[in-house]
Amino acid sequence: MERQVPDIREIVAGMLGDQRLLAACAARDAGALFRLLNHRGVGTRRIAAAVDVTQGRLYDYMNGKSRVEKLAIFEQIADAFHIPGHLLGLSRRPWEPERAESRSAVPESVSLRDPLAVDAAACARFTRLIAMERGRDSGRAA
């Protein structure tokens, strides 16, 4: 009987609420991330192949002898394991769904070069959202 090997992305998806994973991502500590995956049963060959590094280099990262410094490797990590880009300080990855509010958060009339105007537009949108929620809640209470 063949043993079913879980997909790395499924394993990571189940870990996205794990504070250790979030801390490793926030610190951009690839070694800690690789150790967490290895402790979850993902073999070092699979991890190395997914990130396109040698096993020797992977062991250096896992043992703290070396740190990932190249942005391209963090992008590879995010894409290979489906770790949302913002967790690693990256932009939204091509495979991540675009959030509806990100498209309409800033009106076209607001210049994106003016951070104060962008913040004001976001605050106004948030205020409208809160007002709508309060209106729904008061309708339920009646």
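All figures in this text were calculated on a predicted structure; none of them were measured in a lab.

### Observations concerning the overall build of the protein chain
Looking only at helices and strands, the protein chain has 8 helices and 0 strands in total. When the helices and strands of the protein chain are listed from N to C terminus, the series reads α-α-α-α-α-α-α-α. For the protein chain, with 142 residues in total, the buried portion stands at 30%. Taking contacts inside the protein chain between residues at least 6 apart in sequence as the whole, the part at least 24 apart equals 45%. Working note: accessible area of the protein chain is about 9,800 Å², and carbon and sulfur atoms make up 52% of it.

### Overview of the environment of Ala49
Within the fold, Ala49 resides in helix α4 (residues 44–51). Separated by 31 residues in sequence, Ala49 and Ala80 place their C-alpha atoms 9.5 Å apart.

### Observations regarding the packing of α4 against helix α5 (residues 55–62)
Orientation of α4 relative to α5, taken along the N-to-C sense of each, is 105°, at an axis distance of 9 Å. Put simply, α4 runs roughly perpendicular to α5. Between α4 and α5, the residues in contact are Thr44, Arg45, Ile47 and Ala48 and Gln55, Leu58, Tyr59 and Met62, respectively. Among the residues forming the contact of α4 with α5, the class breakdown is 5 nonpolar, 2 polar and 1 charged.

### Looking at the nonpolar core
Soluble, globular proteins show a tendency: their nonpolar side chains are buried together. Membership of the largest hydrophobic core comes to 33 residues, with the highest contact counts inside it found for Phe34, Leu37, Ile77, Phe81, Ile83 and Leu88. At the level of elements, α1 (8–15), α2 (19–26), α3 (30–39), α4, α5 and α6 (71–81) are the ones that each hand at least two residues to this core. When sequence neighbours within four positions are dropped, the list of residues in contact with Phe81 reads Ile8, Arg9, Val12, Phe34, Leu37, Ile47, Ala50 and Val51.

### Notes on the pattern of salt bridges
The final tally for this structure, using the stated rule, is 3 salt bridges. The partner of Asp18 in a salt bridge is Arg20, with the nearest N and O atoms 2.7 Å apart. Arg93 is paired through a salt bridge with Asp79; the nearest N and O atoms lie 2.9 Å apart. One end of the pair, Arg93, is in the loop between α6 and α7 (100–104); the other, Asp79, is in helix α6, and 14 residues separate them in sequence.

### Section: the environment of Pro94
Looking at where Pro94 falls in the secondary structure, it is placed in the loop between α6 and α7. Relative accessible area serves as the criterion here: at 72%, Pro94 is assigned to the exposed category.

### With respect to the confidence of the model for the protein chain
Mean pLDDT over the protein chain works out to 82, with 66% of the residues at or above the 70 mark. Segment residues 101–105 is flagged for pLDDT under 50; beyond a separation of four residues in sequence, or across chains, it makes 6 contacts in the model.

### Remarks on the side chain of Arg93
Residue classification places Arg93 among the buried positions, given a relative accessible area of 9%. Ignoring anything within four residues of it in the chain, the contact list for Arg93 reads Glu75, Ala78, Asp79, Ile83 and Gly85.

### Description of the packing of aromatic side chains
Within a pair of aromatic rings, the relevant descriptors are the distance that separates the centres and the angle that separates the planes. Considering all chains together, one arrives at 1 aromatic pair under this definition. Where Phe34 meets Tyr61, the ring centres are 6.3 Å apart and the plane angle is 40°; that geometry is what we call tilted. Residue Phe34 is found in helix α3, and its partner Tyr61 is found in helix α5; the two are separated by 27 residues along the sequence. The same class applies to Phe34 and to Tyr61, which are both buried. A cation over an aromatic ring shows up here: Arg28 above the ring of Phe74, its NZ or CZ 4.7 Å from the ring centre.

About the thresholds
- Residues numbered from 1 in each chain as written.
- Predicted model: local features only at pLDDT ≥ 70, side-chain atom pairs only at ≥ 80, totals over all residues.
- Heavy atoms only, no water.
- Helix = DSSP H or I, 4+ residues; strand = E, 2+ residues; numbered from the N terminus.
- Buried < 20%, exposed > 50% of the residue type's maximum accessible area, 1.4 Å probe, protein only.
- Contact = heavy atoms within 4.5 Å.
- Areas by Shrake-Rupley, 256 points an atom, 1.4 Å probe, with all protein chains shown as cover.
- Axes fitted to C-alpha atoms, helices over the stretch in contact; angles between N-to-C directions.
- Parallel < 35°, antiparallel > 145°, perpendicular 65-115°, else oblique.
- Nonpolar A, V, L, I, M, F, W, Y, C, P; charged D, E, K, R; others polar.
- Core = buried A, V, L, I, M, F, W, Y, C linked by side-chain atoms within 4.5 Å.
- Salt bridge = Lys/Arg side-chain N within 4 Å of Asp/Glu carboxyl O.
- pLDDT = per-residue confidence, 0-100.
- Phe/Tyr/Trp six-rings, centres within 6.5 Å; stacked < 30°, edge-to-face > 60°.
- Lys NZ or Arg CZ within 6 Å of the ring centre and 35° of its normal.

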